[in-house]
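Examining the three-dimensional arrangement
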Amino acid sequence: MMMAALREQALAGERMFRMSSCLLKPTRVVLSHKPWTLFIFIFVFVSLTYIKLSWSVWEDPKSRSPLHGLCAEISCAHYVHSSLNIAAGPSPSTANVFFVETSEQTTPSYLFSCSVESAARTHPASRVVVLMKGLPKGNVSLPKHWAFSLLSCFPNVEIQSLDLTELFSGTPLEQWYLRPQLHREPYFLPVLSDACRIVLMWKFGGIYLDTDFIVLKNLQNLTNALGIQDDKELNGAFLSFKPKHKFMELCMQDFVQNYNGWVWGHQGPDLLTRVFKKWCSLRTITSMSCKGVSALAPEAVYPIPWQNWKKLFEAVSASELHKLLRNTYAVHIWNKLSHRTKLEIPSQALLAQLYSQFCPATYTKMKEDSEELSKRAV
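The following refers to the structure shown. (Residues numbered from 1 in each chain as written. Predicted model: local features only at pLDDT ≥ 70, side-chain atom pairs only at ≥ 80, totals over all residues. Heavy atoms only, no water.)

Below, the discussion takes up the packing of aromatic side chains. Tallying each qualifying case throughout the model produces 15 aromatic pairs. Arranged with centres 5.4 Å apart and planes meeting at 35 degrees, the rings of Y110 and W146 form a pair that is tilted. In this pair, Y110 sits in helix α4 (residues 110–122) while W146 sits in helix α5 (residues 146–151), placing the two residues 36 residues apart along the sequence. Look at F168 and Y177: their rings are 5.3 Å apart centre to centre, the planes differ by 50 degrees, and that puts the pair in the tilted class. For F168, a relative accessible area of 1% translates into the label buried. We classify Y177 as buried; its relative accessible area is 13%. Grouping aromatic residues by their ring pairs yields a cluster made of F168, W176, Y177, F255 and Y259. (Phe/Tyr/Trp six-rings, centres within 6.5 Å; stacked < 30°, edge-to-face > 60°. Helix = DSSP H or I, 4+ residues; strand = E, 2+ residues; numbered from the N terminus. Buried < 20%, exposed > 50% of the residue type's maximum accessible area, 1.4 Å probe, protein only.)

Listed below in structure tokens is the structure:
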């Protein structure tokens, strides 16, 4: 037994010696031909890398991750989805940026996309939550539309269904929303939007923006604030409040107690103006801070007055643009007035320059579509 074991060890040693001899031969060759060997190694490495890339390009599309399916039309980094429990009260962070679409619309416009993109870029550490009534409830795929693909590329953007019954639950507006004749009022959708924003601010806090804003700077340092649109009135297109703030509570109470859905703006700018005047014991609106609530000067978020909305479509120089926006955080586009006006892309128009600088992905899509239309027209 011992002899057999010794013979096996001897044979194994001989095999290892032969193997090491075989390995030494190419090693000597390598050492004597260093430049050629390096070239061969590089060639093999590049070839293997090319083959691997080819496999990834020609793989079955069905086997790819949801990212590729969602952003097939738009080049992007990644997609994140999480849900906001609007019945659970304020989130641990008050840094959320909210957008709301109260109609059944699920085909966002360029301006809608730009609003959300500009907010996402200027608030990278915040959740940018887009609530849309037209989206189905549950964990379902977003509709196939370029804007959803583009916006889903931003990791801090969350696009979710808006459950109005759940949102208004536990607030003074709960019974108002259940009124049977509500949908017949002439300004139902704007009034519904007015209701959503004050409830969102009261329940969650954070920042609310209309979907016709282009955001230029981070808004997080504007706390418990709203903007003056002119010398007579405040506007609720921008709101920034901490959750459960008394001012927002008074707004909800006024919404119900002084309700009139048949007068344009009565539940929106007029409501905020009424409450702020009572809050500060004022007769006229001025830029000021009162009891911890700030009324921001028009240049902060309404640098272009609604009466001068056509200026958005006029050409401006780079120096004019810089001067105009020096003290501005966001620009309201007054979409209700401007949406039928054609914007030339590219151009030196103020609005075109805002698109180009603050929502470049949306702007690229606009240019591509514009070029495609031009080709078809030829």
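This brings us to the state of the cysteines. One pass over the structure, following the stated rule, counts 1 disulfide. A sulfur-sulfur distance of 2.1 Å marks the disulfide that ties C114 to C359. Across the S-S bond of C114 and C359 the torsion is about -85 degrees, and the bridge reads as left-handed. A residue pair is termed long-range when its members are at least 10 positions apart, and C114 in helix α4 and C359 in the loop between α14 (350–358) and α15 (360–377) qualify at 245 residues. For the pair C114 and C359, one class covers both residues: buried. (Disulfide = S-S within 2.5 Å.)

A word on unusual backbone geometry. Geometrically, the link from I345 to P346 is a cis peptide bond, its omega value of -5 degrees lying close to zero. Relative to the assigned elements, P346 resides in the loop between α13 (335–338) and α14. You will see that N224, though not glycine, has its phi angle at about 55 degrees, which is positive. With respect to the secondary-structure elements, N224 resides in the loop between β5 (213–215) and β6 (225–228). A positive phi angle is found at K244, which is not glycine, with a value near 60 degrees.

Taking 1.5 Å as the rise per residue, α15 with 18 residues should run 26 Å; its terminal C-alpha atoms sit 26 Å apart, in good agreement. For α15, the complete set of buried residues consists of T362, Y363, K365 and M366. End-on view of α15: buried residues confined to an arc of 160 degrees, all on one side of the axis. On its buried face, α15 sits against α4, α5 and α14. (Expected span 1.5 Å × (residues − 1). Arc of directions from axis to C-beta. Contact = heavy atoms within 4.5 Å.)

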